[in-house]
Structures are given as structure tokens and as C-alpha cells.
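# Residue-level structural notes
Listed below are the residues making up each chain.
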Amino acid sequence: MTKFTIEQVLPHDHPMILLDQLVGFSENNASCCCTITGQSLFFDTTLNGVPSYVGLEYMAQSIAAYANANELSQNRAVEIGFLVSSRKYKCEFSVFKRGMVLTINVEKIYKDESGLSAFDCNIFIKDQQVSSARINVYQPENPKQFLAEQL
């Protein structure tokens, strides 16, 4: 357990918070969890689950939880970041079925001075890895200014 709730570390509002909990974090990694229920955003009743491509968003939100938990632990503010790209997303399932408990692990591979970072990400069910990807993210020094410049 960490001292931060998922709402504290994700700069989203419900229903866009897809994770249930930040399980733990350190300087280089984090672990989050999510249980697939009929109330899960993107739940498809015809599939009885959530399409597996949503796993990329579970990974991205776990990266955000990692980054912001580290910021909060240093008494700094939560900021937004941007998913830039993903590489080699693989998943053993086409659907995360109702009742599955997903553990999402993210590990920072590198971060450069510009704010660009890369993470190796994995999703586990119990102790079995079922999904993996490398995700690149960008966290500008001043996100509000960055967004204003993009308009």
C-alpha cells in the first residue's frame, strides 16, 4: 500500500480514472491494479469484458501514477504528461474478461532533460505476464504553456 490514492496521482476525473489503486512505487518503477467489472469504462457486454487494447491506457495511467507519486513524495505538484508512442504492444487476450484482476508494472528505462521518457510496461494476471509494451511519454516543464502553444 502507498500513502497516495489513485485519485491523488492521476490528473483525471472519474470516469476516466481506469485504475483502482497505486500498489507501490519507487524512483524507477511502480505497480498499479485494476479489476475488470461490469462498471469498468470500456466494458463491452457482448464481450463480457474490456478490449485488450485498453491495456495501453492502463499502462499509460500507471506511468502517470508513478510520475506523480514521485512528485508528491517530493512535495511537488501533480502534472499532466502525454503518451507519445507505444512499441511492440502484445497481449495474450483479445479481451480482459469480467473478474480478471490486472497488475500493471511500469519501469523507467530512461528520461532525458527534455522531458521525454521511455518505460517497459507489463500486465500480469496473478503471477503470469499477459501483456507487454514499451511506452514513450513526454512531460514538459510547463504543461499549460505547452498546450497553449499547440493551439
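See the structure above.
Computed from a predicted structure; not experimentally measured. (Residues numbered from 1 in each chain as written. Predicted model: local features only at pLDDT ≥ 70, side-chain atom pairs only at ≥ 80, totals over all residues. Heavy atoms only, no water.)

### Some details on the nonpolar core
Generally speaking, nonpolar side chains in soluble globular proteins are found buried as a group. Counting 36 residues, the largest nonpolar core has Ile36, Tyr58, Leu102 and Ile104 as the members making the most contacts within it. Looking at this core, the elements that each hand over two or more residues are α1 (6-9), β2 (29-35), α2 (55-73), β6 (101-111), β7 (116-125) and β8 (128-138). For this core, the element with the most residues is α2, which contributes eight residues. Beyond its immediate chain neighbours, meaning those up to four positions away, Ile104 contacts Leu19, Ala30, Ser31, Cys32, Cys33, Cys34, Tyr58, Met59, Ser62, Asn122 and Ile123. (Core = buried A, V, L, I, M, F, W, Y, C linked by side-chain atoms within 4.5 Å. Buried < 20%, exposed > 50% of the residue type's maximum accessible area, 1.4 Å probe, protein only. Helix = DSSP H or I, 4+ residues; strand = E, 2+ residues; numbered from the N terminus. Contact = heavy atoms within 4.5 Å.)

### Things to note about the pairing of β6
Here seven bridges tie β2 to β6, and the two strands are oriented antiparallel to one another. Counted as the bridge partner of Asn29 is Glu107 from β6. Count of turn residues in the β6/β7 antiparallel hairpin: four residues, of which Gly115 carries a positive phi of about 105 degrees. (Pairing = 2+ DSSP bridges.)

### Thoughts on the packing of aromatic side chains
Under the definition given, this model contains five aromatic pairs. Seen from their ring centres, Phe4 and Phe25 are 6.0 Å apart, and the 40 degrees between their planes marks the pair as tilted. A residue pair is termed long-range when its members are at least 10 positions apart, and Phe4 in the segment before α1 and Phe25 in strand β1 (residues 21-25) qualify at 21 residues. Look at Phe4 and you get buried, because its relative accessible area is 11%. A network of ring pairs unites the aromatic residues Phe82, Tyr138 and Phe146 as a single cluster. (Phe/Tyr/Trp six-rings, centres within 6.5 Å; stacked < 30°, edge-to-face > 60°.)

### So, the environment of Leu41
Of note, Leu41 is situated in the loop between β2 and β3 (49-51). Given the relative accessible area of 29%, Leu41 is considered partly exposed. Placed 69 residues apart in sequence, Leu41 and Tyr110 show a C-alpha to C-alpha distance of 31 Å. Contact partners of Leu41, with chain neighbours within four places excluded, come to Pro15, Met16, Leu18 and Val50.

### A few points about the sheet that holds β2
Whether parallel or antiparallel, the strands of a sheet pair through hydrogen bonds between backbone atoms. Read across the open sheet, the six strands follow the order β1-β2-β6-β7-β8-β4; overall the sheet is antiparallel. In this open sheet, the two edge strands, each paired with only one partner strand, are β1 and β4 (82-91). Strand-to-strand, the axes of this sheet are offset by a mean angle of 20 degrees, without reference to chain direction. As defined by bridge partners, β6 adjoins β7 across nine bridges and the pair is classed as antiparallel. Bridge pairing in β7 places Thr103 opposite Phe124. (Axes fitted to C-alpha atoms, helices over the stretch in contact; angles between N-to-C directions.)

### Quick word on α2
Over its 19 residues, α2 runs 27 Å from end to end, which matches the ideal 27 Å to within 8%, given 1.5 Å per residue. Counted residue by residue, α2 has 14 buried out of 19 residues, so it is predominantly covered. Asn75 sits one or two positions beyond α2 and adopts a positive phi of about 60 degrees. (Expected span 1.5 Å × (residues − 1).)

### Thoughts on the pairing of β8
Pairing between β4 and β8: seven bridges, direction antiparallel. Residue pairing in the sheet places Ser85 in a bridge with Asn136 of β8. Pairing of β7 with β8 involves ten bridges; the strand directions are antiparallel. Looking across to β8, one finds that Ile123 is bridged to Ser131. Once β7 ends, the chain turns through two residues before running back antiparallel as β8, passing Lys126 with a positive phi of about 60 degrees.

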